[in-house]
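# A closer look at the structure
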Amino acid sequence: MSTLRFNAIKEALKRVPLKIEETKRRSEVFGENVFNEASMRQYLTKNALKSILESIEKGTKIDRLMADHISIGMKEWAISKGATHYTHWFQPLTGATAEKHDAFFETIGDGMAIEKFDGSQLVQQEPDASSFPHGGIRNTFEARGYTAWDPTSPAFIYGTTLCIPTVFVSYTGEALDYKTPLLRALHAVDDAAVAVCKYFDKNVRKVSASLGWEQEYFLIDKALATSRPDIVLAGRTLLGHSPAKGQQLDDHYFGTIPTRAMAYMRDLENECMLLGIPVKTRHNEVAPNQFELAPIYEEANLAVDHNSLLMDVMQKVAERHGFNVLLHEKPFAGVNGSGKHNNWSLSTDTGVNLLSPGKTPMSNLQFLTFFINTIKAVLTHEELLRAAIASASNDHRLGANEAPPAIISVFIGAQLTKVLEELESVTKGKLSPQEKTDLKLNVVGKIPEILLDNTDRNRTSPFAFTGNKFEFRAVGSTANCANPMTVLNTIVAKQLIDFKAEVDALIDEKSMKKDDAIFNVLREYIKASKHILFEGNGYSEEWEKEAKKRGLSNNKTTPEALKVKISKSSLELFETLGVMNKVESQARYEIEMEEYILHIQIESRVIGDIARNHIVPTAVRYQNILIENVTGLKTIYGDEFKSFAKEQLSLIEQISRHIEAINSLVTKMTDERKSINKGSDLEKKAQGYCQKVKPIFEDIRYHCDKLELMIDDELWPLTKYRELLFTK
Ligand code: ADP
Ligand code: MG
């Protein structure tokens, strides 16, 4: 009998939901462990507070003396909350968060000790970070890297550690993390959008990008999950026959949340409240044991930090509840995978959401300007957006039948499509007063009303307008949102800069009025943007054909998708906007390609091991039982035995064939790996793993899954799909 599997099932069945106490209201607990403005007012001097608030609002530098003041207040606050250690918390390009804890504790001689934390420790650290991915940056330049405080994301306490959000850069200033380019992109879009806002409102001084992510995940019993080597090492199942019941009945989606999962969610939400992560929505997703958690949106940099922190907290809370959280985009074949919709918008310091229609024709023209420019940005840079969400694990999802396709398109709904059509027929050149009044009253002025009943939703679109924001749906559930957010904000910034230049040129050179110029430029954008707008079924084959005709990219695999990151125009785009210099872009490309290779390599080793060392021996054991049975029948019945042993003989033969196939496929896969690994060209290696190694997984799986159906359930070593997915 397969002891590990059955012990795991026993353990899982014994679990009871934890009791979760909620004695205080959530609004009272919210942000309790965050060094937010309220705590700062209590613990900082007036000047220290002023300098940190100014730095958050205007990006001004905090000098060393002020940093010393701030560090004292921060330390006092942290110690009052029971913190003993502090850490610079950052997001290296491994995808996980990194931290190295130092105690506040310091000796001062004569057997005495104090709690110490000064400005220099707050502002900058030099972690021994030589093992983080750097894509050659630290070899070419300086061996060391350092972390530097990001005051725009507040410090928080997790456990007994004060965590200070930081950027991670090389000594020569090259970004080694996700946050640095994101901050630069947010800065770029701020500048570009403010300049465009001035056409409509001179008082706008700052534009911030907002992000509301929706995190999907699977909750699997810990004992069951750890009984599967593939889940432990690859975060997903590499084998496993579909259960008799999957998600056909749609009985899990939005259904009653199972009690154990509910206890987990409440516990997780309480932790989020303490950490100031404003989670609001929870529900079951489509697949069995799949769920979703979504917050109220926040400024993009903070939202990115909060999502990274959340992914970490999710795992930690899961421990207590005897769960494993699977964040992988496709943990199980045959049921839905997980994504992380990124809801994105831009808003001004005067309180206007630039992607929400306003009350006056002028504010609606502003809305249309940002709306159309975003679409135009996606049109021009669709391939870069696709690259921003490329990863080995998201490849399973993009293009699979439940997820947005690898083709980027924009959905805006029937109503706005009509508005754009009307704007498309605006007269070239100066508009007559009558036409302008007409436009303002009947087209632009009507937008808020039509949007109210614009409820059409298209779940197959990778990038959809949803009333007051765009929703980038193709982002993977394991992704660090910084990557897609950096690209999206950069391309919109670039687009807004180009737009302003074109409008200004019409005003200066053709002496057009401002709104005539705006209408004229927008009209041309609308014409061009038809290529990227798509309202139909994104999962259909017709769309693939149509998209090809339109010249849209359809990069189905990561190695293909990433290429555009190092094209001449991409390198220039990121450099001119000050988001990443060419070295940084190149490094990131290399890191992501390398990561892809390693990912497939690990999966390949795991599937080889399971197939050869778990499945084949089990098959042999079962075959021996059958042989024994057949031999017995022969002893009893003599020559007649064949008519009684037909089934068994056929099974014995089939098992042999599957074993033979598995062994030769694993050998073939290993040989492919060996031959690919000899090369040194990164692109060739990635392509090799993608085209030659990965496809063998499916073949090996086919034979293993067939054996699963043949072999005595008692002997089967791997916890089965029905046990993983339906144990609640
Ligand atoms: P859905 O129908 O897609 O679930 P919701 O209105 O529930 O739409 O919003 C989903 C997410 O979008 C939430 O996280 C929400 O906070 C976020 N969101 C709403 N408005 C904005 C905005 N202006 N900018 C960014 N995210 C937003
Ligand atoms: Mg949504």
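Only a predicted model underlies this, so the values are computations on that prediction, with no experimental measurement involved.

## What to know about the overall build of the protein chain
Per the secondary structure count, the protein chain includes 27 helices and 17 strands. In terms of overall dimensions, the protein chain is globule-like: its C-alpha atoms have a radius of gyration of 29 Å, near the 27 Å expected for 728 residues. Burial status across the protein chain gives 48% buried among its 728 residues.

## Here's the deal with the domain arrangement of the protein chain
Per the domain assignment, the segments of the protein chain are domain 1 (31–177), domain 2 (187–580) and domain 3 (595–726). Each of domain 2 and domain 3 has a C-alpha centre, and these two points are 41 Å apart. On the side of domain 3, 28 residues touch domain 2, which itself brings 21 residues to the contact. Elements represented by at least two residues in the side of domain 2 that touches domain 3 include exactly α10 (229–234) and α21 (558–562).

## Regarding the site of ligand 1
Neighbouring residues of ligand 1: 15 residues in total, closest Ser210, Gly212, Tyr297, Asn343 and Ser345. Among the secondary structure elements, those contributing two or more residues to the shell around ligand 1 are β9 (207–221), β11 (290–295) and β14 (340–348). The biggest single contributor to the shell around ligand 1 is β9, with 4 residues. Partitioned by chemical class, the residues of the shell around ligand 1 number 6 nonpolar, 7 polar and 2 charged.

## Some thoughts on the nonpolar core
Membership of the largest hydrophobic core comes to 204 residues, with the highest contact counts inside it found for Val189, Ala193, Leu211, Met314, Val378, Ala611 and Ile662. Not counting chain neighbours up to four residues away, the residues in contact with Ala611 comprise Val616, Ile662, Val666, Ile700 and Cys704.

## Structural notes on the environment of Gly235
Within the fold, Gly235 resides in the loop between α10 and α11 (259–274). Residues Gly235 and Ile526 lie 291 residues apart in sequence; the distance between their C-alpha atoms is 43 Å. Residue contacts for Gly235: discarding those within four places in its chain leaves Leu326, His328 and Pro331.

## Looking at the pairing of strand β1 (residues 85–89)
Bridging between β1 and strand β2 (residues 102–103) involves 2 bridges; their strand directions are antiparallel. By the bridge assignment, Tyr86 is partnered in β2 with Asp102. Pairing of β1 with strand β8 (residues 161–170), which is carried by 5 bridges, proceeds in the parallel orientation. Each residue of the ladder has a partner; that of His85, found in β8, is Thr161.

## A few points about the pairing of β9
With 12 of 15 residues buried, β9 is to be regarded as a mostly interior element. As defined by bridge partners, β9 adjoins β14 across 9 bridges and the pair is classed as antiparallel. Bridging from a neighbouring strand, Ser210 pairs with Ser345 of β14. Bridge analysis of β9 against strand β12 (residues 298–299) gives 2 bridges, and the strand direction is antiparallel. In the strand pairing of β12, Leu211 is matched with Glu298. Pairing geometry for β9 and β11, over 4 bridges, is antiparallel. By the bridge assignment, Phe218 is partnered in β11 with Gln290.

## With respect to the packing of helix α23 (residues 582–637) against helix α26 (residues 682–710)
Two elements in contact, α23 and α26, have axes whose closest approach is 9 Å; the angle formed by their N-to-C orientations is 25 degrees. Put simply, α23 runs roughly parallel to α26. Crossing of α23 over α26 shows left-handed handedness. A class-by-class count of the residues in the contact of α23 with α26 yields 16 nonpolar, 2 polar and 6 charged.

## Focus: unusual backbone geometry
The phi torsion at Asp110 lies on the positive side, around 55 degrees, for a residue other than glycine. Judged by C-beta crowding, with 6 C-beta atoms within 10 Å, Asp110 ranks as exposed. Within the chain, Ser511 stands out as a residue other than glycine whose phi angle is a positive 35 degrees. Considering the arrangement of structural elements, one finds Ser511 in the loop between α18 (482–509) and α19 (514–529). Accessibility expressed as a C-beta count within 10 Å gives 10 for Ser511, which makes it exposed.

## Remarks on helix α20 (residues 541–550)
Within an α-helix, residues lying three or four positions from one another point in the same direction, as the helix has 3.6 residues per turn. Among the 10 residues of α20, 1 are classified as buried, and the element is accordingly described as predominantly exposed. Positive backbone phi, at 80 degrees, marks Gly551, one or two positions downstream of α20.

## Quick word on the environment of Val606
In this structure, Val606 sits in helix α23. Sequence separation between Val606 and Asn555 is 51 residues, and the spatial gap between their C-alpha atoms is 27 Å. Setting aside chain neighbours within four positions, we find Val606 in contact with Pro229, Asp230, Leu233, Ala234 and Leu238.

## Focus on the packing of helix α13 (residues 361–380) against α18
As a packed pair, α13 and α18 sit with axes 9 Å apart at the nearest point and diverge in direction by 115 degrees. One element, α13, and the other, α18, form an angle in the roughly perpendicular class. The crossing of α13 and α18 is right-handed. Residues Asn373, Thr374, Lys376, Ala377 and Thr380 of α13 pack against Ile491, Val492, Lys494, Gln495, Leu496 and Phe499 of α18. Split by residue class, the contact of α13 with α18 holds 5 nonpolar, 4 polar and 2 charged.

## Quick notes on the confidence of the model for the protein chain
Residue-level pLDDT values for the protein chain average 93, and 97% of them are 70 or greater. Two summary scores accompany this predicted model of the complex, namely pTM at 0.96 and ipTM at 0.96.

## Concerning α13
Over its 20 residues, α13 extends 28 Å from the first C-alpha to the last, a length consistent with the 28 Å expected when each residue adds 1.5 Å. Counting buried residues along α13, 17 of its 20 residues qualify, which places the element largely inside the surrounding structure.

Rules used in this analysis
- Residues numbered from 1 in each chain as written.
- Chains lettered and ligands numbered in written order.
- Predicted model: local features only at pLDDT ≥ 70, side-chain atom pairs only at ≥ 80, totals over all residues.
- Helix = DSSP H or I, 4+ residues; strand = E, 2+ residues; numbered from the N terminus.
- Rg over C-alpha atoms; globule rule 2.2 N^0.38 Å.
- Buried ≥ 20, exposed ≤ 12 C-beta atoms within 10 Å, placed from the backbone.
- Domains from an automatic or database assignment.
- Contact = placed C-beta atoms within 7 Å.
- Near = placed C-beta within 6 Å.
- Nonpolar A, V, L, I, M, F, W, Y, C, P; charged D, E, K, R; others polar.
- Core = buried A, V, L, I, M, F, W, Y, C linked by C-beta atoms within 7 Å.
- Pairing = 2+ DSSP bridges.
- Axes fitted to C-alpha atoms, helices over the stretch in contact; angles between N-to-C directions.
- Parallel < 35°, antiparallel > 145°, perpendicular 65-115°, else oblique.
- Left-handed = near helix turned anticlockwise from the far one by under 90°.
- pLDDT = per-residue confidence, 0-100.
- Expected span 1.5 Å × (residues − 1).

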